[in-house]
Amino acid sequence: DFWAVVPAGGAGTRLWPLSRESCPKFLLDLTLRGRSLIQATWDRLLPLTTHTRMMIVTGNAHSDAVRDQLPDLLPANLLAEPSPKESGAAIGLAAAVLCLRNPDAILGSFAADHMISGADAFLSAVSEAVATARYNHLVTIGIAPSHPATGFGYIRLGDNLEIPEAPNARIVSQFKEKPDAKTAASYLSTGNYRWNGGMFVVKAQFLMDLLKEYQPKLAEGLEQIALAWDDEISREKALREIWPTLPKIAIDHAVAEPAALEGKVAVIPATFGWDDVGDFTSLSEMLPAEINQPRILGDSSHVVTEQSAGGIIVPASGRLVACLGVDDLVIVDTHDALLVTTRARSQEVKRLVAKCREAG
Ligand code: GDD
Ligand code: MG
C-alpha cells in the first residue's frame, strides 16, 4: 500500500522577505498560478494514491494553514509536531505511525517545496522507486546536477540492480549530504554523481529498522510516540515528554549516508524537470524572460524600469518599484520589509535574515 508523505517544515529563509517563519515557502504561491507549493505537491502526488493515503507532517504553528490549503486531507493524516526536529523526526514519525496502521505500507516522502515539471516522467520514476523499495532498499531520486551546489546531497551511481519492474534502478555507492564547494566540484567532474532530489521511497518498516540501527534513540522515541498517537491524551503527553528529547537530525545524515555504506540505498535517475526554488535566482529562472528586462514576479504594472536588465523584481507591497541603470538586482518589496541584493549573492540572504533577527 503506497502512502505519500509530505514533511513540511523550515522557513525557507533564503526567500525572505517573501517567506517568513509565520508564512514559510511551502505555503506560498511562488509562481502565481493559483496553487501554493504544498498544494502543487498534493496535486502531483494524488495520481499515485488516494487522498486517504496522503499524510502531511508539519509544525503545530502551521497545521491550521495546511488544513485550510488542503481541505481533502484527512484529520488523522495530519501529524503536527510541537517543535521542529528536522526531517529525520518528521519522516520517522510518519513511518512509525504507518507501521502500526499498516505493516506492509510503502512510504514515499516528498519535499513540500519543490517545483517539478513533466508529470508522466515523475510518476514513472516514482513507480520504479516503489518497485525497488519492495526489495528492501531506501530509494532516492537522482537529479542531473547543473553546477557544484553545496546545498544538496550527492549520490554516486553504482551498478544497475536488474529489477525487472525498475529497469533504471541502480545501487548508490556513496551518499554525501551537502559537501563543501571543492568536494562538490570534484564530484561533478567525475560525471558519476547525481543530486539527491529530496524524495525517499521505502517500506515503512524497513525505514524504522534503519533508524533503529543508526539512530536508536530517535527510533525508540518515535515508536513510543506512535503507540500513543491515536488517543489524544496519551499523544499530548508523549509529545510533551518525549518529543523534546529527540535528536535533531536530517534524514540524509541520519539514515541515507550510513545506509549507503552498507549498500542499502538505491536511486532512480530522474528525467523530469526539478527545482528546489532555494533562492531568488532559481525562482527568477522559472519566470518568463524578456530581453534586456528584469523578471517580474507579481503585477508588472507596479514596475517601471529603464536600462536595468537581468535580476528579479517582486512588487508585493502595492507600491511602485522603479529602477534606472542597475543590472542583475534582486528587489523584493513587501509591506514591512524591502530586500535589495544581487543575483550573484541571493544565496546569502539566509545570513542576512539572521542578522535582521538580531537587530529585532
Ligand atoms: N515537518 C517537518 N519538520 N518537516 C521538515 C522539518 C521539520 O522540522 N525540517 C525539514 N522539513 C521538511 C522540509 O519542509 C522539506 O520538505 C524536507 O523536510 C527537506 O528538508 P529541507 O530543510 O528542505 O532540506 P534541504 O533542502 O536542506 O536538503 C534536502 O533536500 C535537498 C533537495 O532539495 C536533502 O534531502 C538533500 O539531500 C537534497 O539534495
Ligand atoms: Mg529544501
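Note that the structure is a prediction, hence the values are computed from the model and not measured. (Residues numbered from 1 in each chain as written. Chains lettered and ligands numbered in written order. Predicted model: local features only at pLDDT ≥ 70, side-chain atom pairs only at ≥ 80, totals over all residues.)

### Structural notes on the overall build of the protein chain
- A count of helices and strands for the protein chain gives 11 helices and 17 strands.
- Each principal axis of the C-alpha distribution contributes one length, and for the protein chain these read about 60 × 50 × 35 Å.
- In the protein chain, which comprises 360 residues, the proportion classed as buried is 43%.
- Intrachain contacts of the protein chain at a sequence separation of at least 6 include 65% that bridge at least 24 residues. (Helix = DSSP H or I, 4+ residues; strand = E, 2+ residues; numbered from the N terminus. Buried ≥ 20, exposed ≤ 12 C-beta atoms within 10 Å, placed from the backbone. Contact = placed C-beta atoms within 7 Å.)

### Side note on the site of ligand 1
- Looking at ligand 1, there are 24 residues lining it, with G9, P84, F152, G153 and G198 nearest.
- Every element with two or more residues in the shell around ligand 1 is listed here: β1 (2–8), β2 (54–59), α3 (86–101) and β9 (193–203).
- When its residues are assigned to classes, the shell around ligand 1 shows 10 nonpolar, 7 polar and 7 charged. (Near = placed C-beta within 6 Å. Nonpolar A, V, L, I, M, F, W, Y, C, P; charged D, E, K, R; others polar.)

### Here's the deal with the sheet that holds strand β17 (residues 338–342)
- Spatially, β12-β14-β16-β17 is the arrangement adopted by the 4 strands of the open sheet, whose pairing is mixed. The sheet is open, and its two borders are formed by β12 (295–296) and β17, each paired with just one other strand. (Pairing = 2+ DSSP bridges.)

### Observations concerning helix α4 (residues 119–133)
- Look at α4: 21 Å from first C-alpha to last across 15 residues, which is about the 21 Å you get at 1.5 Å a residue.
- Burial in α4 covers these residues: F122, A125, V126, E128, A129, V130, T132 and A133. (Expected span 1.5 Å × (residues − 1).)

### Points about the domain arrangement of the protein chain
- Examined at the domain level, the protein chain breaks down into domain 1 (2–275) and domain 2 (280–359).
- Relative to domain 2, the C-alpha centre of domain 1 lies at a distance of 31 Å.
- Across the contact, 11 residues belong to domain 1 and 15 residues belong to domain 2.
- Residues that form the side of domain 1 that touches domain 2 fall into these classes: 7 nonpolar, 2 polar and 2 charged. (Domains from an automatic or database assignment.)

### Some thoughts on the nonpolar core
- Core analysis: the largest hydrophobic core is formed by 103 residues, its most contacted members being L93, A94, A95, L107, L138, V201 and L207.
- Among the elements that take part in this core, α3 stands out by supplying 10 residues, more than any other.
- Split by domain, this core shows at least three residues from each of two domains, domain 1 (2–275) and domain 2 (280–359). (Core = buried A, V, L, I, M, F, W, Y, C linked by C-beta atoms within 7 Å.)

### A closer look at the packing of helix α7 (residues 216–228) against helix α8 (residues 232–241)
- Between α7 and α8, the least distance of the axes is 8 Å, while the angle of their chain directions is 160 degrees. The orientation of α7 relative to α8 falls into the category roughly antiparallel. The element α7 and its partner α8 pack so that their crossing is left-handed. Contacts between α7 and α8 involve Q224, I225 and A228 on the former and, on the latter, S234, R235, K237, A238 and L239.
- Residue classes in the contact of α7 with α8 are distributed as 4 nonpolar, 2 polar and 2 charged. (Axes fitted to C-alpha atoms, helices over the stretch in contact; angles between N-to-C directions. Parallel < 35°, antiparallel > 145°, perpendicular 65-115°, else oblique. Left-handed = near helix turned anticlockwise from the far one by under 90°.)

### Re the packing of helix α6 (residues 204–214) against α7
- Packing of α6 against α7 leaves a shortest axis separation of 5 Å and a crossing angle of 130 degrees. Our classification of the angle between α6 and α7 gives oblique. Side by side, α6 and α7 meet where M208, L211 and K212 of the first sit next to P216, L218 and A219 of the second.
- Taken together, the residues of the contact of α6 with α7 break down into 5 nonpolar, no polar and 1 charged.

### What to know about the environment of K350
- With respect to the helices and strands, the residue K350 is situated in helix α11 (residues 349–359).
- When the 17 C-beta atoms within 10 Å are taken as the criterion, K350 is described as partly exposed.
- Spatially, the C-alpha atoms of K350 and T13 are 5.3 Å apart, while their sequence positions differ by 337 residues.
- Apart from the residues lying within four places of it in its own chain, the contact partners of K350 are T13 and R14.

### Things to note about the pairing of strand β3 (residues 78–81)
- Going residue by residue along β3, you find L79 and E81 tucked away on one face and L78 and A80 left uncovered on the opposite face.
- Both β2 and β3 contribute to a ladder of 4 bridges, which runs parallel. Its bridge partner being in β3, I56 is matched across the sheet by L78.
- A crossover connection joins β2 to the parallel β3 through helix α2 (residues 60–69); in handedness this β-α-β unit is right-handed. (Right-handed = clockwise from strand over helix to strand, strands pointing away.)

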